[in-house]
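Breakdown of the fold
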Amino acid sequence: MMTLLQRIEAAVDASIGRRRLGYVLLALIILYFLWLPNDTSQSNYAKTVFISGFFYAIMASSWALLAGIAGQFSFGHMAFMGIGAYVAGLVARDGFAFLTPESVSSVGAIFIGALVAGLVGLVIGWLLLRLRAAYLALFTIAFSELFRIVMLTEYDYTGGSNGLSLRPLLQIADVDAARQVEYYLMFALLIVCLLAMYWVANSPVGLFLRAMREDEDAASALGVNVVRYKILVFVFTSMIVGLAGAIFYSDIGSERIIPEQLEVLQMSLIIAYAVIGGMESLFGAAAGAFIARYLLEATREVVITLPFGLTTAAGADAFVWEPGAWRYALFGLVMVLTLRFVRNGLLYPIITWFSGRDLVMKETVAKRASDESHAARLEADDA
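Residues numbered from 1 in each chain as written. Predicted model: local features only at pLDDT ≥ 70, side-chain atom pairs only at ≥ 80, totals over all residues. Heavy atoms only, no water.

Digging into the packing of helix H3 (residues 44-69) against helix H13 (residues 282-298)
Applied cut-off: Angles shown run from 0 to 180 degrees and are taken between the N-to-C directions of axes, each axis being a line fitted to C-alpha atoms and, for helices, limited to the stretch in contact. Going along the chain from the N terminus, every DSSP run of H or I of four or more residues is numbered as a helix, and every run of E of two or more is numbered as a strand. Here a crossing is taken to be left-handed if its near helix is turned anticlockwise relative to the far helix by less than a right angle, and right-handed if that turn runs clockwise. When residue character is reported, Ala, Val, Leu, Ile, Met, Phe, Trp, Tyr, Cys and Pro are called nonpolar, Asp, Glu, Lys and Arg charged, and the others, Gly included, polar.
In the contact formed by H3 and H13, the axes pass within 7 Å of each other and the chain directions differ by 145°. Here H3 and H13 pass one another in a crossing that is right-handed. When the residues that make up the contact of H3 with H13 are grouped by side-chain class, the tally is 16 nonpolar, 3 polar and 2 charged.

Next up, the structure:
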């Protein structure tokens, strides 16, 4: 007898289809985020939280492409983000090569920052990606910390612990209008980056990356230039996070970039966001990062209403709880449980259901079992 869930699945498959239903839901989500800034109940602080969520969604999904799909475990994402932001700020302030500060626009400085982040990624990839992944992880930890220390100590150039102000990308006097435009700009950047990464992941390059992740030696034996594609995806993700950092800190999500943002702890949060959402899914990692970032901000202050007419000692019907660092402890517990029970991420089952991949996997498993059974019968007949 079919369960209720199986009946729902059969009804959806017989009518609209899971994938079409997934596209409809995705379109509704996009329309909701497009409408959200027009909601008068949303404060500028709420819009700032959403902008931060979009930024971290780009960071987590690009790391998912590098580590989850290509199998290159790097701790350098925040460093490359910082390179893009710092270079954009320095170029806008001091100029670049033969360009004077007056001749460089904010957009030009941002793209120079992204290109420099990609160039540094190219040098690191050329030096290290001929080696196994462990060396890349160790080197990027050291590189990130070294870059942070240099930005912290070179006070005359970078502002040290006070940070470096970037030239504003938008010149809008009205604070409400500026925040709304910044919201749409960061959301558009997230969509563009996801589409670009999705195209790479589902192109022949993506197939090569997955083959390399599973078995580098086998992929190389089949003719895949392993080093070339390792470097390619490393440079590509470095440029994406460099671009995101330069735009985010150009008075979009923050007024300045500070060395504190480059700490290994921040990189650990990016990895945790991707793991919880699903590090083998770009959209899962992006959604996991956005939801986790929003919840971490929303739980800074929790208002608990007392039931049954109870009151506090001061006579109030509710009290405010500020969990502080405990929210990070709870976040860590969620990540541990995810790694233990849902290793592909909390959102991965939902994504596979709407994409119909679970049906493909079931058919593959059934075919494999049938082939193994057939082979066993042939061996028995031969015996």
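A closer look at a nonpolar patch on the surface
The test is simple: Patch membership needs two things, relative accessible area over 30% and no salt bridge, and members are linked within 9 Å if like-charged or within 5 Å if nonpolar (Val, Leu, Ile, Met, Phe, Trp, Tyr). Accessible areas in this description were obtained via Shrake-Rupley with a 1.4 Å probe; residue shielding takes into account the shown protein chains only. In what follows, salt bridge is the name for a side-chain nitrogen of Lys or Arg lying within 4 Å of a carboxyl oxygen of Asp or Glu. Here the term buried applies to any residue with accessible area under 20% of the maximum for its type, exposed to any over 50%, and partly exposed to those in between, with areas from a 1.4 Å probe on protein chains only.
On the surface, Leu330, Leu333, Val334, Leu337, Phe341 and Leu346 cluster together to form a nonpolar patch covering roughly 560 Å² of accessible area. Assessed through its relative accessible area of 60%, Phe341 is described here as exposed.

Some words on the nonpolar core
Put simply, the rule is: Among the buried residues, those of types Ala, Val, Leu, Ile, Met, Phe, Trp, Tyr and Cys that are joined through side-chain atoms within 4.5 Å form a nonpolar core. Every residue pair with non-hydrogen atoms within 4.5 Å of one another is taken to be in contact.
The biggest cluster of nonpolar side chains holds 94 residues, and the ones touching the most others in it are Phe54, Met81, Met186 and Tyr273. Among the elements that line this core, the one with the most residues is H3, at 16 residues. With near-sequence residues (within four places) excluded, Met186 lies in contact with Ile51, Phe54, Phe55, Ile58, Ala244, Ile247, Phe248 and Ile252.

Quick look at the packing of helix H4 (residues 77-94) against helix H5 (residues 106-128)
For the record, the criterion: By the definition adopted for this analysis, an angle is roughly parallel if under 35 degrees, roughly antiparallel if over 145, roughly perpendicular if from 65 to 115, and oblique otherwise.
Their axes nearest at 7 Å, the elements H4 and H5 cross at an angle of 135°. Between H4 and H5, the angle falls in the class oblique. Of the two possible hands of crossing, H4 and H5 adopt the one that is right-handed. Seen from H4, the contacting residues are Phe80, Ile83, Gly84, Val87, Ala88, Val91 and Ala92; seen from H5, they are Ala109, Ile110, Ile112, Gly113, Val116, Ala117, Val120, Gly121 and Ile124.

Points about the pattern of salt bridges
Inspection of every chain in the model, using the stated rule, returns 5 salt bridges. Residue Arg93 pairs with Asp94 through a salt bridge whose shortest N-O separation is 2.9 Å. You can call Asp94 partly exposed: its relative accessible area is 45%. Lys230 is paired through a salt bridge with Glu216; the nearest N and O atoms lie 2.9 Å apart. Residue Lys230 is located in helix H11 (residues 226-248), and its partner Glu216 is located in helix H10 (residues 216-221); the two are separated by 14 residues in the primary sequence. With respect to burial, Lys230 and Glu216 carry one shared label: buried.

Let's talk about the side chain of Arg148
So the rule is basically this: A 3.5 Å cut-off defines polar contacts: any pair of N or O atoms within that distance qualifies, except that in protein one atom must be a possible hydrogen donor and the other a possible acceptor, and neighbouring residues in sequence count only when both atoms are side-chain atoms.
With respect to the helices and strands, Arg148 occurs in helix H6 (residues 133-153). Polar side-chain contacts of Arg148 include one of 2.5 Å to the side chain of Glu145. For Arg148, the contacting residues outside a window of four places in its chain are Pro259, Leu262 and Glu263.

These values are about where atoms sit, not about what they do.
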